[in-house]
Amino acid sequence: MSAEAGPVHGDEPAPPLSPAPYGPVPYAPSAPPEGVQRQRLHPLTPLLESVRFLTAAAAAVGLQMFTSRNFLFAVYAAVAAAVVGGIASLIALQFRGFVIWGRELHIYGGVFTRSHRTVPLDRLQSVDLVRPLRARVFGLAQLNIEVAGGDGTDARLAYLKHDRALELRSELLSIAGRPGAAPQTAVESTEEAPAAGPAPLVPPVTVRKLAVASLLEALPVQLTALLVFGTAFAVTGSIFGFTQVATALWFGFFAPALLGYLQSTVQMVNRFLRNCRFRITRDGGNLLIERGLTDTSHETVPVDRVTAVSFDEPILWRRKDWRRVEVWTAAVAQSAAVVKSTTALPVGTPDEVSTVAAEAVPELSSVFAVEQPPRRARWRMPLRWKRTGALLDEKVFVVRHGWWVNTYAAVPYARIQSVRVVQGPIQRMQGLASVHAMTAGGVGHTATAAHRDVVEAVAMAAELRKRADAAAALEAPRLS
Amino acid sequence: MNARAVPVWDLWPDGISWQPMSPTLRTVWVLRSLLNVLILAVIAAVPLTIWLGWDGLLWALGGYVVLAGLRALAVSRTVRTWGYAERDQDLLVRHGLLTRRLSIVPYGRIQLIDLSAGPVERMFGLTTVQVRTAALGSNTEVPGLDPLVAAALRDRLAVRAAEVREGL
């Protein structure tokens, strides 16, 4: 194929290869560039990274000890683990480290399989400081460095001393040339508690309020689950009797559903723990988010990297008029399927919500008068229909959807990547079509205006494209 | 409703001049569907033969002829819905018989352009152009182009993408 495609390109030969490869030599992946000292990670790193394995091993040894009543076994195991683990850690540490070289961050790792990751700092999306509980015990921290791109483009630096991590974060941000990356603030906060710095945008969310909000959010799911499982249990019980065998079989049969239910409950608790002590501040061009009860994290979201803002309203929050604000960026999408956006406000009153929204995207309002899809689409979504809609606002494209959790997603026109109009067979019979506006990042980062009138849908897509071009033309071009 | 019969892309406010795919695309896709149904028929023939004796083979053959005919008809109609158009600022691709899709990719957001050709496509001298943006779900395909047309399209897209780079 390339032979046939050749003439189109012209007949000039390809330019000659450069005499020496740029950067570190490829056949020595662990060698730092000459003249630059490789920086080591904290010596406790291997221990902390294998903490799960160690816990499992300790549990196994403990079990063995108690069943065989052989207490010396534990001592042997502990000594062996200490010697082997110590030596392995020493070896592992030799091959791990990182180097900041020019505008690149090089991260080395691996004993048997050497790895060398180069992070172009120009493409930096965000640097998060994360402190899991096990690292906090030793005063350590981890840096998550996110770059825009495909899957697995995030790099981790774990673990570093806390103040060293803060220093490194501000260093990375200043190399990346983030406007208002403000290294001073970060350096200041190395000395004292991170309470310093600019005042928070909204009053801190009290634990009580967050707990109430979490409960209200989880209540419908929990009630439905209890109801479903209770009915299922009663029905099977009345048929087969409440014998032990029948109960055991019942649990076996419903195990997947029960597991799913347990998982969602655990996720709710995790979410609560993660959002405790939430604090959001604006520092120059960045939103700084600090949160977490057991595992703390400091996230930096550059405002010019925000691709969309979404407002969630779980069904039981409606009466309280509370909403949650989440911020989409290109980096967040790839890192995890579980968390598809950064929470900018776990729960807030309309005032707080509008303050945060206006900080995340300039002049973004938080109340939108969306237009519902035509009435003939109602039977397709009887509950959701009233709470579905789309709006071409002045600067943002807004869609609304969902019944359990009603969501408004606002995408600035300049952030829309591509637009798609899709019309299914039933939609065609009804003269409807859906419009998708995609933003950078994962599959979830799509604003969908469902079931619009077909003429309106196509006009909407055309208008979106026009406005996206107009909005992008006003901005300075950004490579990443 | 009048809009029912009109494909979604024909309602676009400004007129668009759609470029058709290469005429051999239909042959290739019909051949491919015939092959796919043949594999199914072979798999189905084994139990049928065990069950019905040698009559099973006849049944498999008959089923194959009917299914393959229907499939070929559907495929050849689908091919006709494919089309692409280059406008000033964006690339439009339409396709789909049951579910109709119209994708609009602005040149400024293009991150990657792929040319690819499978073995059957190569035999008939066809090439597929794939355009990706930074959104993971948006992978727009323009199948069945003449290699020269495909390479020219790729070059035009690449030049336009470099001219109007808009970023994330």
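What you see is a predicted model; the values in this text were computed from it and never measured.

### Side note on the overall build of chain B
Turning to step 1, where the next piece is worked out: Counting secondary structure elements, chain B contains four helices and six strands.
Turning to step 2, where the next piece is worked out: Reading the secondary structure of chain B in the N-to-C direction produces α-α-β-β-β-β-α-β-β-α.
Turning to step 3, where the next piece is worked out: When burial is assessed residue by residue, chain B has 43% of its 168 residues classed as buried.
Turning to step 4, where the next piece is worked out: Counting only contacts in chain B whose residues sit at least 6 apart along the sequence, the fraction spanning at least 24 positions is 53%.

### With respect to the nonpolar core
Turning to step 1, where the next piece is worked out: Counting 36 residues, the largest nonpolar core has I280, V309, F311, V325, L364, F368 and V398 of chain A as the members making the most contacts within it.
Turning to step 2, where the next piece is worked out: No other element matches helix 12 (residues 350–360) of chain A, which puts four residues into this core.
Turning to step 3, where the next piece is worked out: Lining this core are residues from two domains, each supplying at least three of them: domain 2 (207–275) and domain 3 (286–474) of chain A.
Turning to step 4, where the next piece is worked out: In this view, F368 of chain A contacts F311, L391, D393, V396, V398, Y408 and A410 of chain A; residues no more than four positions away in its chain are not counted.
Turning to step 5, where the next piece is worked out: Counting residues in each nonpolar core, the second largest holds 32 residues, with I416 and A449 of chain A together with L102 and I104 of chain B among its members.

### Considerations on the pattern of salt bridges
Residue and element names in this part refer to chain A.
Turning to step 1, where the next piece is worked out: Within this structure, the stated rule accounts for 24 salt bridges over all chains.
Turning to step 2, where the next piece is worked out: Between E217 and R324 there is a salt bridge; the shortest N-O distance is 3.2 Å. Here E217 is found in helix 8 (residues 207–240), whereas its partner R324 is found in strand 11 (residues 323–329), with 107 residues between them in sequence.
Turning to step 3, where the next piece is worked out: A salt bridge links E456 to R452; the nearest nitrogen and oxygen atoms lie 3.1 Å apart.
Turning to step 4, where the next piece is worked out: Among the charged side chains, a salt-bridge network with shared partners connects E217, R271, D312, R324 and E326.

### Quick look at the sheet that holds strand 4 (residues 112–116) of chain B
Residue and element names in this part refer to chain B.
Turning to step 1, where the next piece is worked out: Here we have three strands laid out as an open sheet, ordered 4-5-6, and antiparallel in their pairing. The open sheet has two edge strands, strand 4 and strand 6 (139–145), and neither has a second partner. Put simply, the sheet's adjacent strands are angled 15 degrees from each other on average, direction ignored.
Turning to step 2, where the next piece is worked out: Note: strand 5 (residues 127–132) against strand 6, five bridges, orientation antiparallel. In the sheet register, Q130 faces strand 6, and the bridge partner there is E141.
Turning to step 3, where the next piece is worked out: Strands strand 4, strand 5 and strand 6 of the sheet are contacted by helix 4 (residues 147–163), whose axis makes an angle of about 175 degrees with strand 4.

### Examining the pairing of strand 5 of chain B
Residue and element names in this part refer to chain B.
Turning to step 1, where the next piece is worked out: Of all six residues in strand 5, five are buried, a share of seventy percent or more.
Turning to step 2, where the next piece is worked out: Here strand 4 runs beside strand 5; their pairing, made up of five bridges, is antiparallel. Its bridge partner being in strand 5, L112 is matched across the sheet by R132.

### Some thoughts on unusual backbone geometry
All names here are of chain A.
Turning to step 1, where the next piece is worked out: The omega torsion across A158 and Y159 is -10 degrees, close enough to zero to call that bond cis.
Turning to step 2, where the next piece is worked out: One can find Y159 in strand 6 (residues 155–161).
Turning to step 3, where the next piece is worked out: One non-glycine residue, R277, lies in the positive phi region at around 50 degrees.
Turning to step 4, where the next piece is worked out: Residue R277 is classed as partly exposed on the basis of its relative accessible area of 48%.

### Things to note about the sheet that holds strand 14 (residues 396–401) of chain A
Residues and elements named next belong to chain A.
Turning to step 1, where the next piece is worked out: Strand order in the open sheet formed by six strands is 12-11-10-15-14-13, and the pairing between neighbours is antiparallel. Here the strands that pair on one side only, and so sit at the sheet edges, are strand 12 (342–348) and strand 13 (389–392). Each strand axis lies, on average, 15 degrees off the axis of its neighbour in the sheet, ignoring direction.
Turning to step 2, where the next piece is worked out: Of the strand pairs in this sheet, strand 14 and strand 15 (residues 405–412) are connected by six bridges, and their pairing is antiparallel. Paired with R400 across the two strands is Y408, which belongs to strand 15.
Turning to step 3, where the next piece is worked out: In the packing of helix 14 (residues 454–474) onto the sheet, contacts are made with strand 13 and strand 14, and the angle to strand 13 comes to roughly 40 degrees.

### A look at helix 10 (residues 255–275) of chain A
Turning to step 1, where the next piece is worked out: Compared with an ideal rise of 1.5 Å per residue, which puts 21 residues at 30 Å, helix 10 of chain A spans 30 Å between its outermost C-alpha atoms and is within 8% of the ideal.
Turning to step 2, where the next piece is worked out: A positive backbone phi angle near 50 degrees is found at R277 of chain A, which sits one or two residues after helix 10 of chain A.

### Notes on a nonpolar patch on the surface
Residue and element names in this part refer to chain A.
Turning to step 1, where the next piece is worked out: Taken together, the side chains of L72, V75, Y76, V79, V83, V84, I87 and I91 define a hydrophobic patch exposed on the protein surface, amounting to about 760 Å² of accessible area.
Turning to step 2, where the next piece is worked out: Checked against the element boundaries, V75 lands in helix 4 (residues 71–94).
Turning to step 3, where the next piece is worked out: Classification of V75 by relative accessible area gives partly exposed; the value is 45%.

### Quick notes on the UniProt feature "transmembrane region" (unreviewed entry) in chain B
Turning to step 1, where the next piece is worked out: With numbering matched to this structure, UniProt assigns "transmembrane region" (unreviewed entry) to residues 29–50 and 56–74 of chain B.
Turning to step 2, where the next piece is worked out: With 100% helix and 0% strand, residues 29–50 of chain B has end C-alpha atoms that lie 33 Å from one another.

Conventions and cut-offs
- Residues numbered from 1 in each chain as written.
- Chains lettered and ligands numbered in written order.
- Predicted model: local features only at pLDDT ≥ 70, side-chain atom pairs only at ≥ 80, totals over all residues.
- Heavy atoms only, no water.
- Helix = DSSP H or I, 4+ residues; strand = E, 2+ residues; numbered from the N terminus.
- Buried < 20%, exposed > 50% of the residue type's maximum accessible area, 1.4 Å probe, protein only.
- Contact = heavy atoms within 4.5 Å.
- Core = buried A, V, L, I, M, F, W, Y, C linked by side-chain atoms within 4.5 Å.
- Domains from an automatic or database assignment.
- Salt bridge = Lys/Arg side-chain N within 4 Å of Asp/Glu carboxyl O.
- Pairing = 2+ DSSP bridges.
- Axes fitted to C-alpha atoms, helices over the stretch in contact; angles between N-to-C directions.
- Expected span 1.5 Å × (residues − 1).
- Patch = residues over 30% accessible without salt bridge, like charges linked within 9 Å, V, L, I, M, F, W, Y side chains within 5 Å.
- Areas by Shrake-Rupley, 256 points an atom, 1.4 Å probe, with all protein chains shown as cover.
- UniProt positions renumbered as here; feature names shortened; annotations may be inferred.

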